[in-house]
Amino acid sequence: MTDHRPHAGSTCETKVKPDSPRFERNQKAMAELVAQVRNEEEIIQQGGGAKAIESQHKKGRLTARERIALLIDPGTEFFEIGSFVAWGMYEEWGGAPSAGVVTGVARVQGRLVMLIVNDATVKAGAFFPMTAKKVIRAQNIAIENHIPTIYLVDSAGVFLPLQEDVFPDTDDFGRVFRNNAVMSAMGIPQIAAIMGMCVAGGAYLPLMCDHILMTEGSGLFLAGPALVQAAIGAKYSAEELGGAKMHSQISGTVDFREPDDQSCLARIRRLVDKMGNRQLGVFDRKDPEEPLFAAEEVYGIFESDPARQYDMKEIIARIVDNSQFAEYKAEYGETVLCGYARIGGFAVGIVANQKTHVQQVDKAGNKRMEFGGVIYTESAEKAARFIMDCNQNLVPLVFLHDVNGFMVGRDAEWSGIIRAGAKMVNAVSNSVVPKIAVIIGGSFGAGHYAMCGKAYDPRFLFAWPTAKYAVMAGASAAGTLVEIKIKQLERGGKKLSDEDRKKLYDEVKATYDEQTDPRYGAARLWIDKIIDPADTREAIITALEAASLNPDVPKFSVGVLQT
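Notes on the structure follow. (Residues numbered from 1 in each chain as written. Predicted model: local features only at pLDDT ≥ 70, side-chain atom pairs only at ≥ 80, totals over all residues. Heavy atoms only, no water.)

### A closer look at the overall build of the protein chain
- Of the regular secondary structure elements, the protein chain holds 20 helices and 20 strands.
- What you see for the protein chain is a C-alpha radius of gyration of 26 Å, in line with the 24 Å of a compact globule of 563 residues.
- Dimensions of the protein chain along its principal axes, counting C-alpha atoms only, are 85 × 70 × 50 Å.
- Counting the 563 residues in the protein chain, one finds 54% classified as buried. (Helix = DSSP H or I, 4+ residues; strand = E, 2+ residues; numbered from the N terminus. Rg over C-alpha atoms; globule rule 2.2 N^0.38 Å. Buried < 20%, exposed > 50% of the residue type's maximum accessible area, 1.4 Å probe, protein only.)

### What about the packing of aromatic side chains?
- As enumerated under the stated definition, the model contains 16 aromatic pairs in all.
- Centroid distance phenylalanine 302 to tryptophan 464: 5.5 Å. Interplanar angle 75°. Geometry classified as edge-to-face. Here the residue phenylalanine 302 occupies a position in the loop between helix H11 (298–301) and helix H12 (312–317), and tryptophan 464 occupies one in the loop between strand S18 (460–463) and strand S19 (468–470), the gap between them amounting to 162 residues.
- Accessibility expressed as a relative area gives 1% for tryptophan 464, which makes it buried.
- Aromatic side chains tyrosine 340 and phenylalanine 386 sit 5.0 Å apart centroid to centroid with 55° between the ring planes, which places their arrangement in the tilted category. Here tyrosine 340, found in strand S10 (residues 336–343), pairs with phenylalanine 386, found in helix H13 (residues 377–392); they are 46 residues apart in sequence, far enough to count as distant.
- Overall, phenylalanine 386 belongs to the buried group, its relative accessible area being 0%.
- Put simply, the rings of Tyr90, Trp93, Phe128 and Phe159 pair up and form one aromatic cluster.
- The ring of tryptophan 414 has arginine 410 sitting right over it, with the charged end atom 4.6 Å from the ring centre. (Phe/Tyr/Trp six-rings, centres within 6.5 Å; stacked < 30°, edge-to-face > 60°. Lys NZ or Arg CZ within 6 Å of the ring centre and 35° of its normal.)

### Comments concerning the environment of glutamate 297
- With respect to the secondary-structure elements, glutamate 297 resides in the loop between helix H10 (261–273) and H11.
- Between the alpha carbons of glutamate 297 and valine 122 there is a distance of 38 Å; along the sequence they are 175 residues apart.

Dropping the structure here:
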């Protein structure tokens, strides 16, 4: 039985049948994946575990997440970014849940702020290689979007066994302090509270900020008592060397000395309350309207099996305001959907991969079937023009990925697929309006680039638990790699049986599938946040609210464009 409800941006009947076996199967599979991700996040949020949390409490200090809960506005949510960073990494050192630092955006006194909070329950808050990269990513988001930033510092500094991967490079530890200086020069407010240890090079972070707070019992020094004794033979207590009282009364380093975590967090809230308001962004926003359909229905609509089709317009209908989607060039290049909508009241341009197969007529009048999720010459040209149009009219862009890549073969090459693809990549590369990307299914090869992958500076990049992220799909990659391996073995005189071939294929595919898992990408900061598909609209609204804080939009130019 067809559900008679309007389709996105039209009065067509929706094709979704919530009571169908296919819908229910998809719904169950998605719910299981979401539950798995949530369960793992709950484990990650325990940080260093119960013993480490108890040790933190015995020092009279709160944990990172307890501090965040007290700092943000009551009744609001902390939008965590990078919870899966370092997932499955550093196991030889006992692991580093969330890379030992909690980052994300939240409301403090009604204002959107970026929080960067050391988790002292994870190796005393020491900086692993991914810790530095995670802090830098949070700072870069703050820089791009002009978000005021609050640091709650409780860190032992660099994790020395891995110092060579933490200390020297452009995306390592030193970049954090460079960003502090750049943010200050840009007029982005920064508040730092020392709520534990802050030693060695890490001591520069709070000193580069606008306001510095410090709690009793904390320590701020370039070298701690043991290192000072070893270096110059002098003995000092931690309090004498770098305690809160010394820095507030003698060195003059600290602006506010607070007795404990609670009073320190309350002081931060009072400081944020006094901040002025800079000019907001130039992007159009009206009163938001809820979609006509339940967000949870995307569970049943989405097809994780690449061989199965689904209509991306049905996903869009559950994300955009009033389920209205004004499709651009609706009858041309149909494997990429482009169109205008509002999300949370913000005007946006949407570029999305259509996953249904469509019949197309080429310029010679020949009919052909175009496969969903593949970018053809016409769809690339359409998308390039649409992206340029959005930049011309100051419309932020939202990319919804489920892309296999660009079409290949003689007909595609003769049609100029490389030229059209280059045009789309050029438009994405030079786009100056905020870009937000959501990987909902596959995001493979050059298709990932054209759809504003991580290398193309999306302000935020989110992924569903169903996302797959690699050069090519697991089965294709495994088949290619196995054939290469077999030829190598055959050149050495070894002949593989069918059983050996299958075993080799299964091993290669298992490794490749592990690397395409969104948690693998999130662990390495290729993805900012793995989101519940039902929360896609809210995640995009948060990203748009952050982007609207930055009123500066550079002049748009594409340079030499392939025509």
